Amino acid sequence: MSAPLELTLTLYPSPVLRKVTPPISAFDEELQATVTGMLEVMYESGGIGLAAPQVGLGLRLLVINETGDREKADQELVLVNPTITSRGKETTLYEEGCLSFPEIYAEVSRPDACTVEAQDVKGEALSLELTGFLSRIVQHELDHLEGILLVDRMSAGDKLRNRAALENLVDDYKRSR
Ligand SMILES: [Zn+2]
């Protein structure tokens, strides 16, 4: 097995976060190494989900562990080429964070339930009917694959409340270039 890819977290407003990701067609060792590398970044950053653009990769790929606990590897979910095929009618407003927006939180309204079609890391088809917290995480991460970010989903009030933190991220990004 190949070693995990060394990856680092990509923060807002890096342009890679805005790209719509193309589907993955090669289910090979490199994909497995990418998944392992992404899980490592997620756990190291204290996250519960991570999309490939958040480590600078234009791939239709998510890793999730709703416990955030690397000891609970049985809770890991790897979704390749995921799409939401149906959404429940009921919606809930719930506070979300994002590893690409450190220190920023905002309430986001999303459907409670969703059905997701995807492939696993070996290319086997998956169909998942999700509710609750896991449904929310998957919807948040799937947004990343379409270039949609927390800042797009937040209310005008939350944007105002987080304005200084958002401006700091933009300043940090400009300074890093
Ligand atoms: Zn996010």
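None of the values given here were measured: they were computed from a predicted structure.

Colleague: So what exactly am I meant to see when it comes to the sheet that holds strand β1 (residues 49–51) here?
Modeller: The strands that make up a sheet pair up through hydrogen bonds in the backbone, lying either parallel or antiparallel. Read across the open sheet, the five strands follow the order β1-β2-β3-β6-β7; overall the sheet is antiparallel. Since the sheet does not close on itself, it has two edges, and those belong to β1 and β7 (125–130), each with one partner. Strand-to-strand twist across the sheet, computed as the mean angle between neighbouring axes with direction ignored, equals 35 degrees. Pairing of strand β2 (residues 61–65) with strand β3 (residues 76–87) involves five bridges; the strand directions are antiparallel. Counted as the bridge partner of Leu 62 is Leu 79 from β3. The strands touched by helix α1 (residues 29–44) are β1, β2 and β3; relative to β2, the strand with the most contacts, the crossing angle is about 45 degrees.

Colleague: Teacher, can you tell me more about the environment of Asp 143 here?
Modeller: Structurally, Asp 143 is set in helix α2 (residues 132–145). Classification of Asp 143 by C-beta neighbours within 10 Å gives partly exposed; the count is 18. Taking C-alpha positions, Asp 143 is 21 Å from Leu 31, a pair spaced 112 residues apart along the chain.

Colleague: In this structure, what is going on with α1? I would like to understand it.
Modeller: Residues lying three or four places apart along an α-helix face the same way, a consequence of the helix completing one turn every 3.6 residues. Over its 16 residues, α1 runs 22 Å from end to end, which matches the ideal 22 Å to within 8%, given 1.5 Å per residue. Buried-residue contacts for α1 involve β1, β2 and β3. Just downstream of α1 lies Gly 46, where phi reads positive at about 75 degrees.

Colleague: Help me understand α2 in this model?
Modeller: Across its 14 residues, α2 extends 21 Å between first and last C-alpha, which sits within 8% of the 20 Å expected from 1.5 Å per residue. For α2, a buried count of ten out of 14 residues is recorded, marking the element as mostly surrounded by other parts of the structure. Along α2, the positions that sit buried rather than exposed are Ser 135, Arg 136, Ile 137, Val 138, Gln 139, His 140, Glu 141, Leu 142, His 144 and Leu 145. Trailing α2 by a residue or two, Gly 147 shows a phi angle of about 75 degrees, which is positive.

Conventions and cut-offs
- Residues numbered from 1 in each chain as written.
- Predicted model: local features only at pLDDT ≥ 70, side-chain atom pairs only at ≥ 80, totals over all residues.
- Pairing = 2+ DSSP bridges.
- Helix = DSSP H or I, 4+ residues; strand = E, 2+ residues; numbered from the N terminus.
- Axes fitted to C-alpha atoms, helices over the stretch in contact; angles between N-to-C directions.
- Contact = placed C-beta atoms within 7 Å.
- Buried ≥ 20, exposed ≤ 12 C-beta atoms within 10 Å, placed from the backbone.
- Expected span 1.5 Å × (residues − 1).

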